[in-house]
Amino acid sequence: MLADVAALERASASLRDPQTREAAEAFLIEFRRSDDALATSRAALSEVSVSSDCQFHAVCALRESALRRWGTLEAGTRREVWEYAVRWTLERPDAAQYVRNQMSGTAATLVKRACVDASDEEKMAVISSVEAAVRGAAQSGGGADAARVGLEVFAAVVGEFAPGTASELGTTWERHERCRASAERHFLRPFFDYGCERARACVADGSVSDGRDRGTCAAALRLMNAVLSWDFNRDVSYGFRGRAFPSTDSAANAFVKLTPGIEWREVLLSPGSLDWLFDLHAGAESAVLSGGGNEAKRVAAASRKTLSALCTLSGCVFPPKENDDSLRTGHFVRCARAIAKYLLPATKSVSAAIEGHGEDALIDGCRSLSALATVHTANDFATLSLGPDLNDRTALALLGELTLECLNQEALSVHCEGTVVDDCLKMLLETWASLVNDFFVKSGAFVSRDPAMATPPAVLEGAANVSHAYVAAGLKAAREGAHEEDDGHEEEGKAGAAALDARLELAAQVFRAYPPSTLPMLQQALVEKRSALPGVMASGADPSELLEELWWLTRLVAHVLADDGDGETPIPPDSLAEAAAAAPAGVPDCVSELAKALIDFGCLALDPSARGALSPRLLETVIWALARWADTYLISEDSGGNLHAAIYAAAGGVRRGTDIANKLGESGGGMFSERNGGVQALDLLVQIGTKALSEWQGETSLHRTVGFTLFPVLTRRKMLLKHLTTSHSWTTLREACAGAHRERGVVSFSPEVHRGLSECLARVAGSIVDPAECEAYVTHLITPPSEVIAAVSVDSVALHSPEGEARTGAALEALRGIVRATNGKSQKAIFNFFAAAIDHLLNLQKLAKDLPRVMKLLLRLTEEFVEFNSPYLNAQQVDWICRYCLRVIETYASSGRGNVKSSAGSLMSQEAVKEAYKEVRALLRMLTHLSSGNLHDAIVESVSPEEAARLTEQIDIAHVVFTGLNTVIPLINDELLQFPKLCRQYFELLSYMLEAYPKKVAKLPANVFSTLMTTLEFGLKHSNETVSKESMTALSALATFQRQSVKTGTDGLGHHMAPNAEGLSILAHLMRLLFQRLVYEEAVFDLVDEAADALLPIILHERQAFETLASSFLAAVADEPQSVTLVQNAFVALTSANNLTEGVDRINKRRFRRNLADFLVVARGVLRRR
């Protein structure tokens, strides 16, 4: 044993030497896996002379060995191990900090492992033993060091029992959850009380101020923080208390509301219960400002974290407001006072943060304010005094001072992006947003805003002041950024723009709080800057600063006027709708006036003498802003306010919703409705978009914004489409797009823009009433690109020229756009084109075998044609599509594309692999669309039932898909499977086909079936969880089919079940492979349900193979009788526990899932250590 300890010491020392590090690492890994690791580790830890590094590695080995061997250890040995870890931690407070931290974590993990399989009484006995050891160490003369270490152990135990920070123990999540629930019920409160007790004792005897507590107070606060970080909302046995999900990804909302329940009211809210904490916090912050040492900083940081947690306190821990609101308001005032005491004056705290010695304090304070705003009301912020010693300031005054100071310190400057003032400004704006949206109750339910619940005037005035300051600071930052080589957004691309939009979206909520003040201010700023632009350009002065100001201001205006409406029906923000409805008859409202200013700015693009003043980047933002506005306001489907009224009615606020609807109805539905300027505005937007395409040549980003942002908005709603069908400007755009295909020369804009424009143009067909006119409209759209395809499909030289390839790409993209816009009215014309152009398309596919871009677009066109036509097909068209898809696949396979391999360091071949991935994935998607139920439904619904049965047999969709798979699978090599999307696409399709068509699978030729099973085996072993689950689902379907076939006396898989060289059928082979993975590989418990569903029918069908497999596992531990017994009992329980029967019904599957989970806990614990 001493020799082993010496070897461990040498290896630990050798890690520091680069020349011996590799050998040392190998030794340590092997040592942790050895059977003697547990005993050797304890021997090393008992030696006083060993180094701290050796102790650290001994602790790591102790933890790993104990967890690995847990299933084979006797009950007494298990208890001895975790007791030893706890005892060593408490008895060695002089150990190095990193060793002590590792050992306290190990002790917590082993305590948790001891509780995993225990009853509630046994769990409490374990925890009581740990608690007694900690208290005993603190009272037996160990002094402050022993008390500190005991608190660290308690904190580690709390962290280990919390699901979010629990260690992997090789057991099921259900058992982790039981431990969590038991901890919450039985020992969280005693641990918190103990932390309070130790911290109060340190405060009372003054040992914190002079350092005699040896860090005990800070450790006690960290224990309290660990408890306050607990997610009490998970405990469904106590009733759902309202999960508080963060509303954004920002730091300000990176918390979960603390909802511990009524049983915690006394310890957290009773008078005087936590006064000592607030006094401690104030004293610690004062000590830090006075130049206190590290211990003062630790106490200040820990107490701030505790304060931040208390700011999130909410739920039924507070009495109902109608009964007694004093506890809640008193708690609010105490928390807000504590924040104000160390953040006021704001100039001092913000400056300290910028200088680098007060960042944490400022961030914690802003986060705490944001938390208070999510729990408490705007009225609390505006009216509750924080005390005469703070000049009777309110929390709102504190919030205003901090926000304005951050803006004064140039938080919006590009140089400050990502700094402490930038982060704090975001949190402060979120706090404002919570306050101005206070008519949403804190649980998230929507209610009407009656006078009693209206946002206090002080909050609205404060929001308006912040808005004015925000514009001034933003314009200043824009002017300064104009002279930077890069403003940060271009360099970061979409991520940079998204970050800016996230900030502006947050600020917009503050601007909307008081529209009568903020919107006229924005309008004035936009008009002034826009009016100055032509003059600056004419004078020859540098327009950079003005252009940047306009770019930033335009983006802000768009965010203020409208939400992005992503995934929802866009409606005006509530406060803006109310402001528009409140305007007297005949008086323009502030919302419409700001929108007019924005449209007027965009009209500069229509003025030949003024459009030169618009840079492409600025025009792109103007068009983006107009699109965002139009999506909400332009001839809105809610022009009568009915949607607003419905929302308010659903929440009980009928009167307010009706008032808005009536006001808007009196004015013809509001500004920019169908009867009030909306049609004219629509025509202007079409003209602006068309000019952007024609007058700003080569500006791809601008063109994409027109094609994929503006025009999709204008063609999204029926009311807009109705007017576009008769719009002269729309006809001009359509002719321009047709001309772009017929031109000889370079295409005027990038191919993908053709796709976007064609899709928008084709959407309009759905609003043309006359079928003949609709068909003529679609034919007019589809003819120019089809002429290009027809020409290049018979002229290889033209196709391979740069111009020809570009024109072909543009034509294919345009056809994709038209196909994507397929609807019931346009489908006939689109299908007829494909039927007539099939030879051209297949010829082009043959000629383009060395043109990857053209090939990729061709395959995507075919895939999308199948996808978007499938809802409208009849039986004959389904038959045609199946035959066409087979020809496309065969042509692709014969071209030799897809059979590629990359060479190390060869960029050319790596690009070929990427191209092959895109092409093969398009083929798989095409097969997926074929296999969908739409094509089968088309056959059934288009003919009589008798004819449908005959046609279903004749048009064998499954045969087409399997034939296609047999052709495509050889192209899917290991390198293509490295692409996650392709891999998932294939296995999702395979899973569906095996589940939906098991009889067809059984009739496949042997070579096709073998290919499918080879890929299924690959999927069962795949590291991607989705791929593995899909493969197991496929295996489950196949095995269930075989099991049921045997029961009914049918053939099932027939000759495909012939044994292999090892005497195993395909199902028995896959069963063995799956058991090997579940027992020996990492991270398998997330796969248990799918694996159980696959294994149950195989075990029932392949009983002999299963018994042979069990014997092989037992043979692996034959030299350990105890292990043999454990594994043998586990196998018996697997097939008999929980009243398992011989069926594969839903109830039996659920039982087997639990059995398999229990089996793996035991089997992995025993077998993985071998």
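Residues numbered from 1 in each chain as written. Predicted model: local features only at pLDDT ≥ 70, side-chain atom pairs only at ≥ 80, totals over all residues. Heavy atoms only, no water.

Within an unreviewed UniProt entry, the label attached to the chain reads Exportin-4, and the organism entered is Ostreococcus tauri. Heading Sequence similarities (unreviewed entry) of the UniProt record for the chain holds this comment: "Belongs to the exportin family." (UniProt positions renumbered as here; feature names shortened; annotations may be inferred.)

### A short note on the confidence of the model for the chain
Low-confidence regions, as indicated by low pLDDT, have predicted coordinates that should not be scrutinised in detail. Here the chain averages 85 in pLDDT, while 90% of its residues score no lower than 70. Note that residues 234-253 has pLDDT below 50 and, in this model, 39 contacts with residues that lie over four places away or in other chains. (pLDDT = per-residue confidence, 0-100. Contact = heavy atoms within 4.5 Å.)

### So, the environment of Asp600
Tracing the sequence through the fold places Asp600 in helix 28 (residues 590-602). Residues Asp600 and Glu863 lie 263 residues apart in sequence; the distance between their C-alpha atoms is 43 Å. (Helix = DSSP H or I, 4+ residues; strand = E, 2+ residues; numbered from the N terminus.)

### Brief notes about the side chain of Thr106
Here Thr106 lies in helix 6 (residues 97-116). Separated by 2.9 Å, the side chain of Thr106 and the backbone oxygen of Gln102 make a polar contact. In this structure, Thr106 is in contact with Val59 and Arg63, ignoring residues within four places of it in sequence. (Polar contact = N/O pair within 3.5 Å; in protein donor to acceptor, adjacent residues only side chain to side chain.)

### A look at the environment of Gly896
On the secondary structure map, Gly896 appears in the loop between helix 42 (875-894) and helix 43 (907-931). We classify Gly896 as partly exposed; its relative accessible area is 37%. Put simply, Gly896 and Lys849 are 47 residues apart on the chain and 7.9 Å apart in space, counted from C-alpha to C-alpha. (Buried < 20%, exposed > 50% of the residue type's maximum accessible area, 1.4 Å probe, protein only.)

### Here's the deal with the packing of aromatic side chains
Tallied over the entire structure, the rule returns 31 aromatic pairs. Arranged with centres 5.7 Å apart and planes meeting at 50°, the rings of Phe56 and Tyr98 form a pair that is tilted. Placement of Phe56 in helix 4 (residues 52-69) and of Tyr98 in helix 6 is noted, with a sequence separation of 42 residues between them. A relative accessible area of 37% means that Tyr98 is categorised as partly exposed. Taken together, a centroid distance of 3.9 Å and an interplanar angle of 15° make the contact between Phe834 and Phe865 stacked. One end of the pair, Phe834, is in helix 40 (residues 827-847); the other, Phe865, is in helix 41 (residues 852-869), and 31 residues separate them in sequence. Residues Phe834 and Phe865 agree in their burial class; the two are buried. Clustering of aromatic rings is evident, with ring pairs tying together Phe831, Phe833, Phe834, Phe865, Trp880 and Tyr884. Sitting over the face of the ring of Trp624, Arg555 holds its NZ or CZ atom 4.0 Å from the ring centroid. (Phe/Tyr/Trp six-rings, centres within 6.5 Å; stacked < 30°, edge-to-face > 60°. Lys NZ or Arg CZ within 6 Å of the ring centre and 35° of its normal.)

### Section: a negative patch on the surface
Taken together, the side chains of Glu480, Glu484, Asp542 and Glu545 present a region of like negative charge at the surface. Tracing the backbone shows Glu480 in helix 22 (residues 457-481). According to the relative accessible area criterion, Glu480 is partly exposed, its value standing at 33%. (Patch = residues over 30% accessible without salt bridge, like charges linked within 9 Å, V, L, I, M, F, W, Y side chains within 5 Å. Areas by Shrake-Rupley, 256 points an atom, 1.4 Å probe, with all protein chains shown as cover. Salt bridge = Lys/Arg side-chain N within 4 Å of Asp/Glu carboxyl O. Lys, Arg positive; Asp, Glu negative; His and termini not counted. Charge placed at Lys NZ, Arg CZ, Asp CG, Glu CD.)

### With respect to the domain arrangement of the chain
For interface size, the figure often reported is the accessible area lost on association. The domain boundaries assigned to the chain delineate domain 1 (456-484 + 493-726) and domain 2 (727-872). Both faces combined, the contact of domain 1 with domain 2 buries some 1,800 Å², and carbon together with sulfur accounts for 66% of it. Sorting the residues of domain 1 by area buried against domain 2 places Phe708, Thr715 and Leu724 first, and these three jointly supply 25% of that buried surface. Here Arg704 ties to Glu752 by a salt bridge, and the two come within 2.3 Å at their closest N and O atoms. (Domains from an automatic or database assignment. Buried area = accessible area lost by both parts, 1.4 Å probe.)

### Examining the UniProt feature "domain: Exportin-1 C-terminal" (unreviewed entry) in the chain
Following the UniProt record, one finds the feature "domain: Exportin-1 C-terminal" (unreviewed entry) at residues 965-1038. Split by type, residues 965-1038 is 74% helix and 0% strand. Its first and last C-alpha atoms lie 17 Å apart.

### A closer look at helix 46 (residues 957-968)
With 12 residues, helix 46 ought to run about 16 Å at 1.5 Å a step, and its terminal C-alpha atoms sit 16 Å apart, in line with that. Along helix 46, the residues classified as buried are Ile957, Ala958, Val960, Val961, Phe962, Gly964, Leu965 and Val968. (Expected span 1.5 Å × (residues − 1).)

### Quick notes on the side chain of Gln1042
Note on placement: Gln1042 falls in helix 50 (residues 1025-1048). In this structure Gln1042 comes out as buried when scored by relative accessible area, which is 5%. There is a polar contact of 2.8 Å between the side chain of Gln1042 and the backbone nitrogen of Leu1053. Dropping the residues within four chain positions of it, Gln1042 is found in contact with Asp1051, Gly1052, Leu1053, Met1057, Leu1067 and His1101.

### Quick look at the packing of helix 22 against helix 25 (residues 515-539)
At a minimum axis distance of 9 Å, the contact between helix 22 and helix 25 shows a crossing angle of 20°. On the basis of their axis angle, the class for helix 22 and helix 25 is roughly parallel. The element helix 22 and its partner helix 25 pack so that their crossing is right-handed. Residues Ala464, Ser467, His468, Val471 and Leu475 of helix 22 lie in contact with helix 25, whose contacting residues are Ser517, Thr518, Met521, Leu522 and Lys529. The residue makeup of the contact of helix 22 with helix 25, split by class, is 5 nonpolar, 4 polar and 1 charged. (Axes fitted to C-alpha atoms, helices over the stretch in contact; angles between N-to-C directions. Parallel < 35°, antiparallel > 145°, perpendicular 65-115°, else oblique. Left-handed = near helix turned anticlockwise from the far one by under 90°. Nonpolar A, V, L, I, M, F, W, Y, C, P; charged D, E, K, R; others polar.)

### Brief notes about the state of the cysteines
Put plainly, two cysteines are in a disulfide when a covalent bond ties their sulfur atoms together. Evaluated as defined, the whole model comprises 0 disulfides. The thiol of Cys202 is unpaired, and the distance to the nearest cysteine sulfur, on Cys217, comes to 5.3 Å. Taking the relative accessible area as the measure of exposure, Cys202 reaches 6% and is therefore buried. Here Cys416 is not cross-linked by a disulfide; its sulfur's nearest cysteine counterpart is in Cys406, at 9.9 Å. (Disulfide = S-S within 2.5 Å.)

### Details of unusual backbone geometry
The residue after Leu344, namely Pro345, is reached through a cis peptide bond having omega -5°. By the secondary structure assignment, Pro345 is in the loop between helix 16 (326-343) and helix 17 (346-355). One non-glycine residue, Asp392, adopts positive backbone phi at about 55°. For Asp392, the position within the fold is in the loop between helix 19 (378-383) and helix 20 (395-408).

### Focus: the packing of helix 15 (residues 294-311) against helix 16
Contact geometry for helix 15 and helix 16: axes closest at 10 Å, N-to-C directions at 145°. Once helix 15 is placed against helix 16, the crossing between them reads as left-handed. Along its contact with helix 15, which presents Arg304, Leu307, Leu310 and Cys311, the element helix 16 presents His331, Cys335, Ala338, Ile339 and Tyr342. Along the lines of polarity and charge, the residues of the contact of helix 15 with helix 16 split into 7 nonpolar, 1 polar and 1 charged.

### Details of the environment of Thr394
Among the structural elements, Thr394 can be located in the loop between helix 19 and helix 20. Separated by 58 residues in sequence, Thr394 and Ala336 have C-alpha atoms that sit 8.6 Å apart. Setting aside its immediate chain neighbours within four residues, Thr394 contacts Phe381, Ala382, Thr383, Leu384 and Leu386. A distance of 3.5 Å separates a polar atom in the side chain of Thr394 from the backbone oxygen of Phe381.

### Some details on the pattern of salt bridges
Applying the stated criterion to the full structure yields 55 salt bridges. Note that Asp117 is salt-bridged to Arg175, the shortest N-O span being 2.5 Å. Placement of Asp117 in the loop between helix 6 and helix 7 (120-139) and of Arg175 in helix 9 (residues 173-186) is noted, with a sequence separation of 58 residues between them. What makes Asp117 partly exposed here is its relative accessible area of 43%. Residue Arg175 is classed as buried on the basis of its relative accessible area, which comes to 13%. Through salt bridges with shared partners, one network takes in Arg755, Glu759, Arg763, Glu813, Arg816, Arg820 and Glu864.

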